[in-house]
Amino acid sequence: MINLPRRRLITTSVATAAVAAATLPGAALAATPKAAGRATLAPTPPMGWNSWNSFATTITEAQALENAHIMAQKLLPSGYDIFTVDIQWYEPNANGYEYRKGAELTMDEYGRLLPAPNRFPSAANGNGFKGLADRIHRMGMKFGIHVMRGIPRQAVRMNTPILGTSLRAQDIADTSSICEWNGDMYGIDMTKPGAQEYYNSIFKLYASWGVDFVKMDDLARPYDKNWREIEGAHKAIVASGRPITLSISPGETDLKWAGHVPHYAQMWRISDDFWDEWKLLKEQFDRLENWNPVMGENSWPDADMLPLGRLAMGSRDTKFTPDEQQTLMTLWSIARSPLIMGGDLRSLDDHTLALLTNPEVLAVHKKSQRNHPHRAEPGTRIWSAQPHGANTSHYLALFNTGDAQVDIAFDLSRLNLGDKTVALRDLWQRKDLAPAHGVIRQALAPHASALLRITA
């Protein structure tokens, strides 16, 4: 069975949410711009599809277009509009969830990676991803790519020139800054002349292709060593002249950087690769709770992709039970984490489609406000939010994270509704329930959840 995450999972406990207000290291704080100056690239949490969970490093242009057509037909009407080709699109012979050491990469004369033409025929003759991006745009969607931090080791070996300068790759490469799980790149020393110019050159190339979204990897761990490259990517996007949403990976980003990261990226991973294991889903509750204070417009803590449907190069379906799948979608929606589907859409079944497109649940994800967790008994979790612009209605998410059935009693006084009889609606079942007064009682099976709308 194939289930190989590309990075080692970090299990160190997450700091408390109060750390999010901690003072940044002096250099980073001095470099932080005012949030008011940012373009609103992501007013709501990004939604889309990414190839990693289902294709690893191997997706081809034909497979991408097959998935894109299904996405445009079945998911785009619900708001899933970002189509992303994940890692190693520049590796002609990529073959799975591992990386071939020393593989020859497709690259131009300026050390900039290009799509491998044997996998992406429209990229031949230096056309890059423009042909594929144009087709995605004609479907009404945005086009995204995955990139690694830094400069290709191959470019450093060849000492390629940096576009628009008299400098070369060896002048900016930090050969001591390497990724622990992928051997394609060296880091860039952003204090060196030519460093920003190199980043400018690659993002200018992406802009010329029509790229709308960049998932940039090997940045968030350790953040304190890589923040200059994060800033460099942001500056390069601004210089490109194209509005490109920046997503940084992998997690988990340290909460002490919560005052820095939202100024340079619109979404950032808060965990390592998330796969379809209950233990990993249970761990995301703490992370989303701790990052909740900085969640908002243009600032989306990312609990990672949705490993639903057919996964792992077609070898299996998700291991999450139906209850766990609903819990995943409920948590991501009430916490407003980006919704990026990872399963192969060519095998999209009715159950998974219904999970992804329930309009009443997606309304919580897209338009809710005042989202926050509540104190809960051990083995349970509780979140609430309010519909945008509605002061008399609330959303309530109840979770059983334990291994036995529980009966949750939620006192409505916690929402200042203790003396009122309220109407209840089950958003997953899309049906009204009996009114409640004073308390809401909900029986939940192990790993199950409920998502309710309360109207006074």
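Residues numbered from 1 in each chain as written. Predicted model: local features only at pLDDT ≥ 70, side-chain atom pairs only at ≥ 80, totals over all residues. Heavy atoms only, no water.

Here is the rule: UniProt positions are given in the numbering used here, feature names are shortened, and annotations may be inferred rather than shown by experiment.
Looking at an unreviewed UniProt entry, the chain carries the name Alpha-galactosidase, with the source organism given as Massilia eburnea. What UniProt records for the chain under Catalytic activity (unreviewed entry) is the sentence "Hydrolysis of terminal, non-reducing alpha-D-galactose residues in alpha-D-galactosides, including galactose oligosaccharides, galactomannans and galactolipids." According to its UniProt record, the chain has this under Sequence similarities (unreviewed entry): "Belongs to the glycosyl hydrolase 27 family."

**Examining helix α7 (residues 195-209)**
In an α-helix there are 3.6 residues to a turn, and that puts residues three or four apart on one side. Quick note on the threshold: Under the scheme used here, helices are H or I runs from DSSP no shorter than 4 residues and strands are E runs no shorter than 2 residues, and both carry numbers assigned from the N terminus. Any helix carries an expected span of 1.5 Å times its number of residues minus one. Only protein chains enter the accessibility calculation, which uses a 1.4 Å probe; a residue is then buried when its area is under 20% of its type maximum, exposed when over 50%, and partly exposed in between.
Helix length check: α7 (15 residues) gives 22 Å between terminal C-alpha atoms against 21 Å at 1.5 Å per residue, within 8%. With respect to burial, α7 is a largely interior element, 11 of its 15 residues being buried. Immediately downstream of α7, the backbone of G210 shows phi near 95 degrees, a positive value.

**Notes on the pairing of strand β2 (residues 82-85)**
Rule in force here: The pairing criterion is simple: DSSP has to find at least two bridges between the two strands. Handedness of a crossover: with both strands directed away from the viewer, a clockwise path from the first strand across the helix to the second marks it as right-handed.
Along β2, one buried face is formed by I82 and T84 and the opposite face, lined by F83 and V85, is buried too. Strand direction decides the pairing type here: strand β1 (residues 47-50) and β2, joined by three bridges, are parallel. Looking at the pairing, G48 lines up with I82 of β2. Each parallel crossover has a hand, and the one from β2 via helix α4 (residues 130-138) to strand β3 (residues 142-148) is right-handed.

**Regarding helix α3 (residues 61-74)**
Applicable threshold: Should any heavy atoms of two residues lie within 4.5 Å, those residues are counted as being in contact.
Compared with the 20 Å implied by 1.5 Å per residue over 14 residues, the 20 Å span of α3 between its first and last C-alpha is a close match. Of all the positions in α3, only E61, A64, L65, N67, A68, I70 and M71 are classed as buried. Close packing links the buried residues of α3 with β1, α2 (52-55), β2 and α4.

**Details of the UniProt feature "domain: Alpha galactosidase C-terminal" (unreviewed entry) in the chain**
Under the UniProt annotation, "domain: Alpha galactosidase C-terminal" (unreviewed entry) lies at residues 380-454. Secondary structure across residues 380-454 comprises 0% helix and 63% strand; the distance between its end C-alpha atoms is 20 Å.

**Thoughts on the sheet that holds β3**
Formally: Note on geometry: axes are lines fitted to C-alpha atoms, helical ones only across the stretch in contact, with angles between N-to-C directions running from 0 to 180 degrees.
Ordered in space as β10-β9-β8-β7-β3-β2-β1-β13, the eight strands form an open sheet in which the pairing is parallel. For this open sheet the edge positions go to β10 (300-302) and β13 (339-341), each flanked by a neighbour on one side alone. The mean inter-strand angle of the sheet, taken between neighbouring strand axes irrespective of direction, is 25 degrees. Here α3 sits on the sheet and contacts β1 and β2; the angle it forms with β2, its principal contact strand, is near 165 degrees.

**Remarks on the domain arrangement of the chain**
Convention followed: For every domain, the bounds stem from an assignment made automatically or drawn from a database. What gets called buried area is simply the loss in accessible area from a 1.4 Å probe that two parts show on being joined, summed for both. In the sections that follow, a salt bridge refers to a side-chain nitrogen of Lys or Arg positioned within 4 Å of a carboxyl oxygen of Asp or Glu. Any N or O atom pair separated by 3.5 Å or less is treated as a polar contact, with the protein-specific requirement of one donor-capable and one acceptor-capable atom, and with residues adjacent in sequence counted only for side-chain atom pairs. Each residue gets one label: Ala, Val, Leu, Ile, Met, Phe, Trp, Tyr, Cys and Pro are nonpolar, Asp, Glu, Lys and Arg are charged, and the others, such as Gly, are polar.
Domain parsing of the chain yields domain 1 (47-357) and domain 2 (374-455). When each unit is reduced to the centre of its C-alpha atoms, the spacing between domain 1 and domain 2 is 35 Å. Each partner contributes residues to the interface: domain 1 has 17 residues there, and domain 2 has 17 residues. Together, the buried faces of domain 1 and domain 2 total about 1500 Å²; carbon and sulfur atoms form 64% of this surface. Close ionic contact of E289 with R381 constitutes a salt bridge, the shortest N to O distance being 2.8 Å. Counting across the interface, domain 1 meets domain 2 through nine residue pairs in polar contact (both at pLDDT 80 or more). Among the secondary structure elements, those contributing two or more residues to the side of domain 1 that touches domain 2 are α9 (278-291) and α10 (322-334). The element best represented in the side of domain 1 that touches domain 2 is α10, accounting for eight residues. Partitioned by chemical class, the residues of the side of domain 1 that touches domain 2 number eight nonpolar, four polar and five charged.

**A look at the layout of surface pockets**
This is how it is decided: Put simply, the grid is 1 Å and covers the protein atoms alone, a cavity is a trapped set of points that fit a 1.4 Å probe, a pocket is an open set with protein on both sides within 12 Å along at least five of seven lines, and lining residues have an atom within 4 Å of a point. Grid points are joined across faces, edges and corners, and a volume is the space filled by probe spheres set on the points.
In this structure, the largest pocket encloses a volume near 350 Å³. Of the residues in the lining of the largest pocket, the class split is seven nonpolar, four polar and nine charged.

**Thoughts on the packing of α3 against α4**
The cut-off we apply is this: Angles are sorted into four bins: roughly parallel if under 35 degrees, roughly antiparallel if over 145, roughly perpendicular if 65 to 115, and oblique for all others.
Two elements in contact, α3 and α4, have axes separated by 11 Å at closest approach and are oriented at 10 degrees. By the angle class used here, α3 and α4 are roughly parallel. Across the interface between the two elements, E61, A64, L65, A68 and H69 from α3 touch L132, R135 and I136 from α4. Grouping the constituent residues of the contact of α3 with α4 by class yields five nonpolar, one polar and two charged.

**What about the environment of N50?**
Structurally, the position occupied by N50 is in strand β1. Taking the C-alpha atoms as reference points, N50 and F83, 33 residues apart in sequence, are found 6.3 Å from one another. With near-sequence residues (within four places) excluded, N50 lies in contact with T84, D86, K215, M305, I340, M341 and G342. A distance of 2.8 Å separates a polar side-chain atom of N50 from the backbone nitrogen of W52. At a separation of 2.9 Å, a polar atom in the side chain of N50 contacts the side chain of D86.

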